[in-house]
Number of protein chains: 2
Amino acid sequence: MEERKCMRIHLSIMDTLSVVNGKWKLVILSVLLNGKMRFRELSRVTGISPRILSKELQELEMNELVIRTVCDTKPVTVEYSLTEYSKTLDEVIDAMNRWGIKHRERLTGRKPNVKTGTLTQLAESN
Amino acid sequence: MEERKCMRIHLSIMDTLSVVNGKWKLVILSVLLNGKMRFRELSRVTGISPRILSKELQELEMNELVIRTVCDTKPVTVEYSLTEYSKTLDEVIDAMNRWGIKHRERLTGRKPNVKTGTLTQLAESN
DNA sequence: CAGTATCCAAAAAGATACTG
DNA sequence: CAGTATCTTTTTGGATACTG
């Protein structure tokens, strides 16, 4: 029984990971929290190359986490935005956001600063 | 300014991912939530091969999330357990655990069952 | 038992050029 | 602009045998 409870929690963690795992999915979702964004802008803001971004967005769309809207402009533009269902992930994103901030503070001993590099760079410089 | 806020959230998400990303780290932590466990048992329960498990545990140890304790038995055994600091990740783990359960219910329309395979298997069978 | 060494397969990511 | 195609590199994960 103890075994089963343990199985269950690690199964559900793996289920979540099967949807949002990888370097980019949660980043994309967290950016879209600020509102809809077009493909290229999303690519620029996140630094994700078009090929990867396209793939990630398709997967997020398949999992009903983002919506792709083609705008009747000239030339055509495409907007990506969050679905209602994606709101159920807010707890996860918020928790990771908060933890990331605290963890960086812990490592740097000061408030997070956009200009500072990644944590791995920081850790390696120690 | 809007841009900076957006940068900040996705920076902190990436910071968190830099520590717990990958297929296994959160799974390992979630298993250790049930208490300390020895190397081999951890390998058996999670299904992680020794080489990977060893590497993951070392990384978790470097980030002060697990403690490795050598026990003076014959032959020597080694116990892994969570650190105090790892408790700060509880929110993240809980959120992912809850989301995984809900998401599986949504896809299967029934209570989660350990006997059922992974969600990707489920999704592909549709 | 705990872990490393070796070798290998698969997945993920990236650069860049190109198309409608 | 939005995305795909192509090619390459890097990262990750896994099987298995071996050592103290």
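> Would you mind going over the overall build of chain A with me for this structure?
When helices and strands are tallied, chain A shows 6 helices and 3 strands. Taken from N to C terminus, the helices and strands of chain A fall in the order α-α-β-α-α-β-β-α-α. Looking at chain A as a whole, 41% of its 126 residues qualify as buried. In chain A, 39% of the contacts between residues at least 6 apart in sequence involve partners at least 24 apart. About 7200 Å² of surface is accessible on chain A, with carbon and sulfur atoms providing 52% of the total.

> In this structure, what is going on with the pattern of salt bridges? I would like to understand it.
Between side chains of opposite charge, a pair can form as their charged atoms come close. All chains considered together, the criterion is met by 18 salt bridges over all chains. The salt bridge partner of Glu91 of chain B is Arg98 of chain A, with a shortest N-O separation of 2.4 Å. You can see Glu91 of chain B sitting in helix 5 (residues 90–108) and its partner Arg98 of chain A sitting in helix 5 (residues 90–108), one on each of two chains. In this structure Arg98 of chain A comes out as partly exposed when scored by relative accessible area, which is 42%. The salt bridge involving Lys87 of chain B is made with Glu84 of chain B; its shortest N-O contact spans 3.3 Å. For Lys87 of chain B, a relative accessible area of 47% gives the class partly exposed. Judged by its relative accessible area of 61%, Glu84 of chain B falls in the exposed class.

> When you look at the pairing of strand 2 (residues 66–71) of chain B in this model, what are you seeing that I'm missing?
The side chains of a regular strand alternate between the sheet's two faces. Residues and elements named next belong to chain B. One ladder, built from 6 bridges, connects strand 2 with strand 3 (residues 77–82); its direction is antiparallel. Within strand 3, the position partnered with Val66 by the bridge is Leu82. From the end of strand 2 to the start of strand 3, which pair antiparallel, there are 5 residues.

> Would you take a moment to explain the relation of the copies chain B and chain A for this structure?
Both copies of the chain are related by a screw-like operation: a rotation about an axis and a shift along it. Superposing chain B onto chain A requires a rotation of 180° together with a translation of 0.0 Å along the rotation axis, leaving an RMSD of 0.0 Å. As the rotation angle and translation indicate, the two copies are arranged about a two-fold axis. The position closest to the rotation axis in chain B is occupied by the C-alpha of Val92 of chain B, lying 3.0 Å away. When the interface residues of chain B are mapped onto chain A, 96% of them are again interface residues, pointing to one common binding face.

> Got a minute to help me understand the protein's contact with DNA strand D in this structure?
If you check the shell around DNA strand D, you find 20 residues, and the closest are Arg40, Arg51, Ser54 and Arg68 of chain A together with Arg51 of chain B. The sugar and phosphate moieties of DNA strand D supply 59% of its atoms located within 4 Å of the protein. Arg68 of chain A is positioned such that a nitrogen or oxygen atom in its side chain is 2.6 Å from a phosphate oxygen of DNA strand D. Here a base oxygen of DNA strand D and a side-chain polar atom of Arg51 of chain B are 2.6 Å apart.

> I keep staring at the protein's contact with DNA strand C and nothing clicks. Help me out?
What surrounds DNA strand C is a group of 18 residues, the closest being Arg51 of chain A together with Arg40, Arg51, Ser54 and Arg68 of chain B. Each atom of DNA strand C within 4 Å of the protein belongs either to a base or to sugar and phosphate, the latter forming 62%. Here a base oxygen of DNA strand C sits 3.4 Å away from a polar atom, N or O, in the side chain of Arg51 of chain B. Across the surface near DNA strand C, the residue classes break down as 6 nonpolar, 4 polar and 8 charged.

> Would you mind going over the interface of chain B and chain A with me for this structure?
Reports of interface size often rely on the accessible area that becomes lost once the parts have come together. Counting residues at the interface gives 55 residues for chain B, matched by 53 residues for chain A. Summed over both partners, the interface of chain B with chain A buries about 5200 Å², with 64% contributed by carbon and sulfur atoms. Scanning the region where chain B abuts chain A turns up 6 salt bridges. Viewed at the interface, chain A and chain B are joined by 16 residue pairs in polar contact (both at pLDDT 80 or more).

Rules used throughout
Residues numbered from 1 in each chain as written. Chains lettered and ligands numbered in written order. Predicted model: local features only at pLDDT ≥ 70, side-chain atom pairs only at ≥ 80, totals over all residues. Heavy atoms only, no water. Helix = DSSP H or I, 4+ residues; strand = E, 2+ residues; numbered from the N terminus. Buried < 20%, exposed > 50% of the residue type's maximum accessible area, 1.4 Å probe, protein only. Contact = heavy atoms within 4.5 Å. Areas by Shrake-Rupley, 256 points an atom, 1.4 Å probe, with all protein chains shown as cover. Salt bridge = Lys/Arg side-chain N within 4 Å of Asp/Glu carboxyl O. Pairing = 2+ DSSP bridges. Least-squares fit on C-alpha atoms with pLDDT ≥ 70 in both. Near = heavy atom within 4 Å. Polar contact = N/O pair within 3.5 Å; in protein donor to acceptor, adjacent residues only side chain to side chain. Nonpolar A, V, L, I, M, F, W, Y, C, P; charged D, E, K, R; others polar. Buried area = accessible area lost by both parts, 1.4 Å probe.

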